[in-house]
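A structural walkthrough
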Amino acid sequence: MRRVSPPLPQWKPGVAIDSPVSDMIALDASTLDVRETYKLMTSGVIPRPIAFVSTLNENGTVNLAPFSYFNAVASAPPTIMLAVTYKSDGSKKDTLINIERSREFVVNSVSEWMAEPMNHCSADYPNGVSELEKVGLCPIPSDVVSPPRVKESPFHMECKLHTTVAVGGGGAGSSTIVIGEVVKFHIHKPAYHNGVIIPEELKPLCRLGGTSYGILGDLFDLDRPKL
Ligand SMILES: Cc1cc2nc3c(=O)[nH]c(=O)nc-3n(C[C@H](O)[C@H](O)[C@H](O)COP(=O)(O)O)c2cc1C
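These lines cover the structure that appears in this document, whether it is placed above or below. Predicted model only: the values in this text are computed from it and were never measured. (Residues numbered from 1 in each chain as written. Predicted model: local features only at pLDDT ≥ 70, side-chain atom pairs only at ≥ 80, totals over all residues. Heavy atoms only, no water.)

With that settled, consider the environment of Arg101. Relative to the elements of secondary structure, Arg101 occurs in helix 2 (residues 94–102). Classification of Arg101 as partly exposed rests on a relative accessible area of 36%. A C-alpha to C-alpha distance of 14 Å links Arg101 and Gly128, two positions 27 residues apart in sequence. Every residue in contact with Arg101, bar those within four places of it in the chain, is listed here: Leu56, Asn57 and Glu58. (Helix = DSSP H or I, 4+ residues; strand = E, 2+ residues; numbered from the N terminus. Buried < 20%, exposed > 50% of the residue type's maximum accessible area, 1.4 Å probe, protein only. Contact = heavy atoms within 4.5 Å.)

Burial of strand 3 (residues 62–67) is extensive: 6 of the 6 residues sit out of reach of the surface. Across the two faces of strand 3 the burial is the same, with Val62, Leu64 and Pro66 and Asn63, Ala65 and Phe67 all buried. The loop that links strand 2 (residues 51–56) with its antiparallel partner strand 3 comprises 5 residues; one of these, Gly60, has a positive phi angle of about 90°. (Pairing = 2+ DSSP bridges.)

On to the side chain of Ser142, then. Relative to the elements of secondary structure, Ser142 occurs in the loop between strand 7 (139–140) and strand 8 (149–150). In this structure the side chain of Ser142 is engaged in a polar contact, spanning 2.6 Å, whose partner is the backbone oxygen of Pro147. The contacts of Ser142, once residues within four sequence positions are left out, are Val106, Pro147, Pro148, Arg149 and Glu158. (Polar contact = N/O pair within 3.5 Å; in protein donor to acceptor, adjacent residues only side chain to side chain.)

Our next topic: the nonpolar core. Counting residues in each nonpolar core, the largest one holds 19 residues, and the members touching the most others are Val53, Ile80, Leu82, Phe105, Val107, Met157 and Val178. Contributing elements (two or more residues each) for this core: strand 2, strand 3, strand 5 (78–85), helix 2, strand 6 (104–109), strand 9 (155–167) and strand 10 (175–187). The biggest single contributor to this core is strand 9, with 4 residues. Ignoring any residue separated from it by four or fewer positions in sequence, one finds Val107 in contact with Ala51, Phe52, Val53, Phe70, Ile80, Leu82, Phe155, His156, Met157 and Cys159. Grouped together as the second largest cluster of nonpolar side chains are 13 residues, Val62, Met114, Cys121 and Leu132 included. (Core = buried A, V, L, I, M, F, W, Y, C linked by side-chain atoms within 4.5 Å.)

Time to look at the sheet that holds strand 2. Read from one edge of the open sheet, 7 strands run 3-2-6-9-10-5-4, paired in antiparallel fashion. On the outer flanks of this sheet lie strand 3 and strand 4 (70–75), each paired with one strand and no other. The mean angle between the axes of side-by-side strands here comes to 35°, regardless of whether they run parallel or antiparallel. Sheet topology note: the strand 2/strand 6 ladder contains 4 bridges and is antiparallel. What sits directly across from Ser54, in strand 6, is Val106. (Axes fitted to C-alpha atoms, helices over the stretch in contact; angles between N-to-C directions.)

Moving on to the pairing of strand 2. Where burial is concerned, most of strand 2 is hidden: 5 out of the 6 residues are buried. Here strand 2 runs beside strand 3; their pairing, made up of 6 bridges, is antiparallel. In the strand pairing of strand 3, Phe52 is matched with Pro66.

So, on to the pattern of salt bridges. Applying the stated rule across the entire model yields 6 salt bridges. In this structure, the salt-bridge partner of Asp124 is Lys87, at a minimum N-O distance of 3.2 Å. Taken together, the residues Asp124 in the loop between helix 3 (115–120) and helix 4 (131–135) and Lys87 in the loop between strand 5 and helix 2 connect sequence positions 37 residues apart. Each of Arg3, Glu200 and Asp221 takes part in salt bridges that share partners, so that together they form one network. (Salt bridge = Lys/Arg side-chain N within 4 Å of Asp/Glu carboxyl O.)

What follows covers the site of the ligand. Around the ligand there are 19 residues in total, and Asn63, Pro66, Tyr69, Thr85 and Thr95 lie nearest to it. Measuring from an oxygen atom of the ligand, one finds a backbone N or O atom of Tyr69 at 2.8 Å. Within the contact set of the ligand, an oxygen atom lies 3.0 Å away from a backbone nitrogen or oxygen of Ser122. Contact with the protein chains removes 89% of the 640 Å² of surface that the ligand exposes when unbound. (Near = heavy atom within 4 Å. Areas by Shrake-Rupley, 256 points an atom, 1.4 Å probe, with all protein chains shown as cover.)

The next thing to look at is the environment of Ser111. Note that Ser111 resides in the loop between strand 6 and helix 3. The class for Ser111 is buried, based on a relative accessible area of 0%. Through-space distance from the C-alpha of Ser111 to that of Leu202 is 6.3 Å; in sequence the pair is 91 residues apart. Excluding residues that lie within four positions of it along the chain, Ser111 makes contacts with Pro154, Leu202, Lys203, Pro204 and Leu205.

Printed below as a string of structure tokens:
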């Protein structure tokens, strides 16, 4: 990872920019099937951060699964969202079942060094099986909520369920948006500087389309415009 200059340091408002974009393809969403739509959405809306979500199964084991339909949505109160899609047979994923029952979960960030075990946790293990144990990641206790945190992750958010929002009719491709309030943050000390988390230490894994991932390369800063 390196710090570089912005792409157009001399740019001023009103100055035309060079762009490679010319011919466009227009697709009416109503003509696409679920698979085609999924492929477009997940390859076009990139890069996405990955929430590695720990919850407790009913039998007390730790469920751990990655979700890249994920983002921060508010700071007061600190709020995040993730979207859990239905399985192809129309059933709910364990993460959603556990969050609806216990109203508690932890979002662990995913760094470059966690890619393979994170990916393995997306396997469809039966309910009650701990993906965390299967992949050999270490649980550490949370302060407020019951599900543990993942020791190998540099940033954890302990969350309480705010609300869920259904999107679609519950079949393939539809999802439940889980909105969670963060009640406690945990940050790997070297990554915390003057109140912010520095990307060079977080080394976030970026979700792209298909089976692709990215890691951050060139970083630059742009001051907010002052009118
Ligand atoms: C990087 C990555 C991102 C994923 N993002 C999502 C997502 O946003 N929503 C979703 O429902 N499933 C997503 N999945 C698939 C789930 O992780 C997978 O269905 C998992 O088995 C769910 O586990 P659970 O049944 O224990 O909740 C993703 C998988 C990977 C590898």
